[in-house]
Protein chains: 2
Amino acid sequence: MTKGEETRARVLESAMAIVNRKGLRNTSMQDIIDETGVKKGNLYFHFSGKDDLGLSIIREAAERYFEYLSKSLSSNDPLGKIRNILEAVLRFHRRRGFVGGCIFGNTALEMGDTDGEYTVLVKEIFERWVRILAGLLREAGKSGALPAGIRPEPMARHIVSVMEGSIMMARLYKREDPMVESMGYIQKLLGMK
Amino acid sequence: MTKGEETRARVLESAMAIVNRKGLRNTSMQDIIDETGVKKGNLYFHFSGKDDLGLSIIREAAERYFEYLSKSLSSNDPLGKIRNILEAVLRFHRRRGFVGGCIFGNTALEMGDTDGEYTVLVKEIFERWVRILAGLLREAGKSGALPAGIRPEPMARHIVSVMEGSIMMARLYKREDPMVESMGYIQKLLGMK
DNA sequence: AATAATGTACCAAACGGTCGGTACAATATT
DNA sequence: AATATTGTACCGACCGTTTGGTACATTATT
C-alpha cells in the first residue's frame, strides 16, 4: 500500500463516518478537511470532486454491509438465515444508537427524483439485497417451509421496505421497538411465529 | 381575507409544492422567490425565516393530508376503513407519479439526528397517524375481526413503517408495485386476504 | 395619518471547485 | 558518478456562486 493509497483510505474511512452521521448533502468537503486534517488540494487530488467521494463512500459502505450480513448467517435452514440477517441489521443499528439510519435509504431520499449516478447505485444495492432474500425464500419454498401464497420476489421486496421504514422510525424515536416489532410481523408472515 | 393573508397563502401553496418535489434542505428561499414572484422583503415579512416557512409548510401539509384521508373512509367496518386509508395513500402518490415521496418521512430523514422543531413536529404527525390506525384496530378487535395475537398499537406502528418504507421504494423505482405489494401483506396480517 | 404590504439593494458566510506551485523519491540520461 | 527528467503526493490561496438574512425606502390599504 503506497503512501497515497493509505491517505485515500484514511480519508474515505473518516468521510464515511461523517456521512453516516450527517448525510451526504449535509456533509461539506470542509467537514472532511477539518476531521481528517487532509488539505484541500490533496483531497481533490485523491477524489475528482464531491460526487466521486460520495459514490466511493456508498460503494465502500455497501461492500462492508453485505460482508457483515453474510458473516451473520449461523442458521442452517433458509428461514433461519433470514432471521439471522434481520437480527444482524438490528444489531448494526443498535450499536450505532440508531444514529444515522440507513445510509442507502438516506441517499435515495436525499437525491430526490433525479436519475443520477447515486440513484442508480442505490437501486443496485437494494436489488442485491432483494436477490439475497428472494434466494433464501425460494429455497424455503422448495422444502415446503413457506406458507401458502407467499411468493419469494414480492416478499423479499416487502422485507426490504419494512426494514427501511422501521429503521427510519427507530432513528426518529431513538428506540429499537419499531424494528423489533416489524421484524416480528415479518416472521409471522413467514410462519415462523 | 386581506391582501396580505392572500399573499401568505399563495406563497405557502407554491412553497409546499416545491418542497414536496425537492425536499426542504434542497429548496432555497430564492427558489420560492423565483417560482412565486414574491419579492424577498415581502417573503421575510410574511415568514420570519426559512424555518418558520418550513414548519408552516409541514403543518399545512399535515392538515391537508389528514383531511384527505378522513374523506376517503367509505367503508363501515374498521378494517375496511384501514384499507380505505391505505388505498387513499396509494392514490395520493400515484397521482403524483411517485415524485417527492412522503414529505414527513423526507423531513424526518433530512433533519438527521437533531432534536429540533422539525423532528418534534414530524414525530407528532406520525403519532397522530398511529393513533388513528390503532383506534380502528382496537375497534376491530372488539368486534372480533382481528386475528389472534395482533395488538393494536404495535400493529399501527408497523403499518406506518411499512407505508413509509414502501413509499420510499415506490419513489425510487417510480413504480406502484412496492406499495401495492406491501399493502397486500398488511391485509394478510390483518386476516383480510 | 397610521399601518400594512411591498420592492430593492445589500451583506457575510459557506459552498464546491480551481489554480499555480512545492517536496521528494524514482528513474533515465550523460 | 553526476545530472536531468518524470510522476506522485501534497499545499494553501483564490474564484465565482449561492446561501439565509437584513436594512430601509416606497407604495397600498384602512
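As a reminder, the structure under discussion sits directly above these lines.
How each quantity is defined
For every chain, the first residue of its written sequence is number 1, and the numbers climb from 1 along that sequence. Each chain gets a letter, beginning with A, and each ligand a number, beginning with 1, in the order they are written. Local features in a predicted model are, by the rule used here, given only for residues with pLDDT of at least 70; side-chain atom pairs are given and counted only at 80 or more, and totals for whole chains, interfaces and linings are based on all residues. Helix and strand assignments follow DSSP, with helices taken as H or I runs no shorter than four residues and strands as E runs no shorter than two, numbered in order from the N terminus. Burial is judged by counting the other C-beta atoms within 10 Å of a residue's own C-beta: 20 or more makes it buried, 12 or fewer makes it exposed, and any count in between marks it as partly exposed, with every C-beta position built from the backbone. Using a C-beta atom placed from the backbone for every residue, we mark a residue as near a molecule or strand if that atom lies within 6 Å of it. Ten residues, namely Ala, Val, Leu, Ile, Met, Phe, Trp, Tyr, Cys and Pro, are considered nonpolar, four, namely Asp, Glu, Lys and Arg, are considered charged, and the remaining ones, Gly among them, are considered polar. C-beta atoms are placed from the backbone for every residue, and two residues are taken to be in contact when these atoms lie within 7 Å. C-alpha atoms of residues with pLDDT of at least 70 in both copies form the basis for the least-squares superposition of the copies. To define a nonpolar core, we join buried Ala, Val, Leu, Ile, Met, Phe, Trp, Tyr and Cys residues through C-beta atoms within 7 Å and take the resulting set. Expected helix span is computed as 1.5 Å times (number of residues minus one). All axes are obtained by fitting lines to C-alpha atoms, using only the stretch in contact for helices, and the reported angles, taken between N-to-C directions, cover 0 to 180 degrees. Any angle that is under 35 degrees is reported as roughly parallel, and any over 145 degrees as roughly antiparallel; angles of 65 to 115 degrees are reported as roughly perpendicular and all others as oblique. Handedness of a crossing follows from how the near helix is turned relative to the far one, being left-handed for an anticlockwise turn of less than a right angle and right-handed for a clockwise one.

A. Local environment of the overall build of chain A. Along chain A, the regular secondary structure elements total 9 helices and 0 strands. In chain A, the succession of α and β elements from N to C terminus is α-α-α-α-α-α-α-α-α. Considered along the principal axes of its C-alpha atoms, chain A spans approximately 60 × 35 × 35 Å. For chain A, buried positions account for 37% of its 193 residues.

B. Region of interest: the protein's contact with DNA strand D. The full set close to DNA strand D counts 21 residues, and G4 and G41 of chain A together with S28, G41 and G49 of chain B are the nearest of them. Broken down by secondary-structure element, the contributors of at least two residues to the surface near DNA strand D are α1 (3-22) and α3 (40-46) of chain A together with α2 (29-36) and α3 (40-46) of chain B. Residues of the surface near DNA strand D, tallied by class, amount to 4 nonpolar, 10 polar and 7 charged.

C. Inspection of the interface of chain A and chain B at higher detail. Contacts between chain A and chain B engage 32 residues on the former and 33 residues on the latter. If you list the elements that add at least two residues to the side of chain A that touches chain B, you get α6 (103-110), α7 (117-142), α8 (152-173) and α9 (177-189) of chain A. Here the side of chain A that touches chain B gets 11 residues from one element, more than from any other, and that element is α8 of chain A. Residue composition of the side of chain A that touches chain B, by class: 12 nonpolar, 12 polar and 8 charged.

D. A look at unusual backbone geometry. You will see that F98 of chain A, though not glycine, has its phi angle at about 60°, which is positive. In this fold, F98 of chain A is placed in the loop between α5 (78-95) and α6. For F98 of chain A, a count of 20 C-beta atoms within 10 Å corresponds to the buried category. A positive phi angle, near 55°, is found at K174 of chain B, a position not held by glycine. Looking at the element boundaries, K174 of chain B is found in the loop between α8 (152-173) and α9 (177-189).

E. Structural context of the relation of the copies chain A and chain B. Relative to chain B, chain A is turned by 180° and slid 0.0 Å along the rotation axis, the superposed coordinates differing by an RMSD of 0.1 Å. The transformation relating the two chain copies, once decomposed into turn and shift, fits a two-fold axis. Identified as the residue of chain A closest to the rotation axis by C-alpha distance is G165 of chain A, at 1.9 Å. Both copies present the same face, since 100% of the interface residues in chain A are matched by interface residues at the equivalent positions in chain B.

F. Representation of the nonpolar core within the structure. Ranked by size, the top nonpolar core spans 98 residues in total, and within it A15, L133 and I159 of chain A together with A15, L133 and I159 of chain B carry the most contacts. Apart from the residues lying within four places of it in its own chain, the contact partners of I159 of chain A are L133 and I186 of chain A.

G. Highlighting α8 of chain B. Residues and elements named next belong to chain B. Between the first and last C-alpha of α8 there are 31 Å, a value that for 22 residues agrees with the 32 Å anticipated at 1.5 Å per step. Among the 22 residues in α8, 18 count as buried, and that is most of the element. Directly beyond the C-terminal end of α8, a positive phi value near 55° is found at K174.

H. Molecular detail of the packing of α1 of chain A against helix α2 (residues 29-36) of chain A. Residues and elements named next belong to chain A. The contact between α1 and α2 brings their axes to 10 Å, and the two run at 120°. With respect to each other, α1 and α2 are oriented oblique. In the crossing of α1 with α2, the sense of the turn from one axis to the other is right-handed. Only D31, I32, E35 and T36 of α2 make contact with α1, whose side of the interface consists of R10, V11, S14, A15 and I18. For the contact of α1 with α2, the residue count by class is 4 nonpolar, 2 polar and 3 charged.

I. The arrangement of the packing of α8 of chain A against α9 of chain A in detail. All names here are of chain A. Running from amino to carboxyl end, α8 crosses α9 at an angle of 160°, the nearest separation of the two axes being 8 Å. For the element pair α8 / α9, the angle class is roughly antiparallel. The two elements α8 and α9 cross, and the hand of that crossing is right-handed. Of α9, the residues touching α8 (which contributes I159, V162, S166, I167, M169, A170 and Y173) are P178, M179, S182 and I186.

J. Spotlight on the environment of V130 of chain B. Residues and elements named next belong to chain B. On the secondary structure map, V130 appears in helix α7 (residues 117-142). Under the C-beta neighbour-count criterion, V130 is labelled buried, with 21 such atoms within 10 Å. Every residue in contact with V130, bar those within four places of it in the chain, is listed here: A156, R157 and V160.

K. A look at the environment of T27 of chain B. With respect to the helices and strands, T27 of chain B occurs in the loop between α1 (3-22) and α2. Counting along the chain gives 27 residues from T27 of chain B to G54 of chain B, while the straight-line C-alpha distance between them is 9.8 Å.

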